[in-house]
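# A structural walkthrough
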Amino acid sequence: MRVLVIGSGGREHALAWAIARSPQLEQLYVAPGNGGTATIATNVELDITDHAAIVGFARQERIDLVVIGPDAPAVAGLGDDVRAAGLLCFGPSKAAAQLEGSKAFTKAICDEAGVPTAAWASFDDEEAALAYLRGRSAPIVVKADGLAAGKGVRVAETMAEAEDAVQDCFSGAFGDSGSTVVIEEFLAGEEASVFALCDGNTIVMLPSVQDHKRVWDGDRGPNTGGMGAYSPAPVMTPEMLERTRREIIEPTVRRMAERGTPFTGVLFAGLMITDSGPKLIEYNVRFGDPECQVLMLRLKSDALELLAATARGDLSGVNPEWREEAALTVVMAMRGYPLSVPRGSEIKGVDTLDGDDLQVFHAGTRRDGARLLANGGRVLNVTALGRTVGEAQARAYAAVDRISWPEGFCRRDIGWRAVERERG
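From a predicted model like this one, the values you see are computed outputs, not experimental measurements. (Residues numbered from 1 in each chain as written. Predicted model: local features only at pLDDT ≥ 70, side-chain atom pairs only at ≥ 80, totals over all residues. Heavy atoms only, no water.)

## Notes on the overall build of the protein chain
For the protein chain, the helix and strand inventory stands at 13 helices and 24 strands. Relative to its length of 424 residues, the protein chain is compact, with a C-alpha radius of gyration of 21 Å against a globular reference of 22 Å. Overall, the C-alpha framework of the protein chain stretches about 60 × 50 × 45 Å when taken along its three principal axes. For the protein chain, the residues scored as buried account for 57% of the 424 residues in total. Here the protein chain contributes 44 positively and 59 negatively charged side chains, and the mean placements of these two sets differ by 3 Å. (Helix = DSSP H or I, 4+ residues; strand = E, 2+ residues; numbered from the N terminus. Rg over C-alpha atoms; globule rule 2.2 N^0.38 Å. Buried < 20%, exposed > 50% of the residue type's maximum accessible area, 1.4 Å probe, protein only. Lys, Arg positive; Asp, Glu negative; His and termini not counted. Charge placed at Lys NZ, Arg CZ, Asp CG, Glu CD.)

Below, the structure is given as structure tokens:
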């Protein structure tokens, strides 16, 4: 098969790495790609917002499968345009991608399908939102309705902070994404991520993952796109995974099909595991980043086969195999992230680290001849396997310490909950 992966982050490098291992692969392109994908695929300078250019390239290069990595092109309807051209595509329709594109849409689907989630209200008017807050108490959650690169959610510890979050949204801090605001009840518990491949009807559950959103050790500081992740998540026992499937994933997929917008691709459920069981925090319509990195390292089955079967709408009988080991990834970011950061600092020591149990996925890099340069906020995902999460953590940090990049930083406690459980 000839495959085109859309995107340029660590998720796309991990997908490309997994696809490249398939014996079914003939040619692999990544658009636009990064310094890591350049070593295993052909990077293509395409504007991923230009759907006609992507379709034109896919036709020209006789592409058999287009894999959509990031959220924005999925929500913008790239999948529809690729399929309209008669091409196979892994990714949802524009209508189904509203599960990520609009938090209010998702909450309404939850209500219709009986999916457990936080109590909520949505507002298109700032004064109405502020008036609603006056009848509530902190902590409380304020969300920009649309895509905001993982930064549109504020868990407000005080009502003054909640009011600031509402005002930020309506003042244009998140562009059009903040023109509608969702205010939710705060849920207490432990977060986890669950992924399911969907062909519109059939669901194939993938292993659980837990990520770390806060920028600093101890889960402190502002939210980010993710500073690390590990799989499996101990909080997701077999019973909890089954409840998530039965109470959250299946009703959602069934309701989406009933309303004429069947979901195909990978459905990513962000969960809070409460005293009463799993509750949905949010849906995403693509693999998580950096969750995808740990999943791809654990996957034993043919990734290309799985993605193609999903895109063809034929997941019946599919049962992917996974490595027994745990996987953990540490995000190395540019100092100053998640704020705007300079680019161009040199990174040394990365290319000697990869092996069967260790992969360094590139998130924001570019190559300048033989030099590897930082080209974003989150830059590298150092990902390792181990018999336990603690062993995977030790291997990942040993590799981090062999990378020479004075301008970078990372959290030093990724996986701490699981490691504490393992130590008893």
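## Here's the deal with the pattern of salt bridges
Applying the stated criterion across every chain, the model contains 28 salt bridges. In this structure, the salt-bridge partner of E112 is R255, at a minimum N-O distance of 2.7 Å. With E112 in helix α6 (residues 103-113) and R255 in helix α9 (residues 238-258), this residue pair connects regions lying 143 residues apart in the sequence. Using a relative accessible area of 23% as the deciding quantity, one classes R255 as partly exposed. In this structure, a network of salt bridges that share partners links the residues R323, E325, D357, R387, E391 and R395. (Salt bridge = Lys/Arg side-chain N within 4 Å of Asp/Glu carboxyl O.)

## Digging into the environment of G317
The topology assignment puts G317 in the loop between α11 (303-312) and β18 (326-334). With a relative accessible area of 81%, G317 lands in the exposed category. In sequence terms G317 and T202 are 115 residues apart; their C-alpha atoms lie 9.5 Å from each other.

## Some words on the packing of α6 against α9
Where α6 meets α9, the axes come as close as 9 Å, and the angle between the chain directions of the two elements is 100°. Compared by their axis directions, α6 and α9 come out roughly perpendicular. Taken together, the residues of α9 that come into contact with α6 (itself represented by F105, I109, E112 and A113) are P251, T252, R255 and M256. A breakdown of the residues in the contact of α6 with α9 according to their chemical character gives 5 nonpolar, 1 polar and 2 charged. (Axes fitted to C-alpha atoms, helices over the stretch in contact; angles between N-to-C directions. Parallel < 35°, antiparallel > 145°, perpendicular 65-115°, else oblique. Contact = heavy atoms within 4.5 Å. Nonpolar A, V, L, I, M, F, W, Y, C, P; charged D, E, K, R; others polar.)

## Re α6
Restricting attention to buried positions, one finds in α6 the residues K103, A104, F105, T106, K107, I109 and C110. Count one or two residues on from α6 and you reach G114, which has phi positive near 70°.

## Some thoughts on the state of the cysteines
Applying the stated rule across the entire model yields 0 disulfides. Left without a disulfide partner, C89 is nearest to the cysteine sulfur of C198, which lies 15 Å away. Here C169 stays unpaired: no disulfide links it, and the sulfur of C110, its closest cysteine neighbor, is 20 Å away. (Disulfide = S-S within 2.5 Å.)

## So, the nonpolar core
In this structure, L4, L99, M236 and I249 are the most contacted members of the largest nonpolar core, which totals 49 residues. It is α9 that provides the largest number of residues to this core, a total of 5 residues. Dropping the residues within four chain positions of it, I249 is found in contact with A196, I203, M205, T244, A269 and Y283. (Core = buried A, V, L, I, M, F, W, Y, C linked by side-chain atoms within 4.5 Å.)

## Some remarks on the environment of V141
Inspection of the secondary structure puts V141 in strand β7 (residues 140-144). Taking C-alpha positions, V141 is 25 Å from R245, a pair spaced 104 residues apart along the chain. Every residue in contact with V141, bar those within four places of it in the chain, is listed here: V153, R154, V155, V182, I183, E184, E185 and F186.

## As for the packing of aromatic side chains
Inspection of every chain in the model, using the stated rule, returns 6 aromatic pairs. Both rings, one in Y29 and one in F57, keep their centres 5.1 Å apart while their planes meet at 90°; by these two values the pair is edge-to-face. Of the two residues, Y29 is situated in strand β2 (residues 27-32) and F57 in helix α2 (residues 51-60); the sequence distance between them amounts to 28 residues. Accessibility assignment for this pair places Y29 and F57 in one class, buried. In textbook terms, an aromatic cluster arises when at least three aromatic residues are bridged by ring pairs, as seen for F90, F195, F268 and F287. Above the face of the Y132 ring, R136 is positioned so that its terminal group lies 4.1 Å from the ring centre. (Phe/Tyr/Trp six-rings, centres within 6.5 Å; stacked < 30°, edge-to-face > 60°. Lys NZ or Arg CZ within 6 Å of the ring centre and 35° of its normal.)

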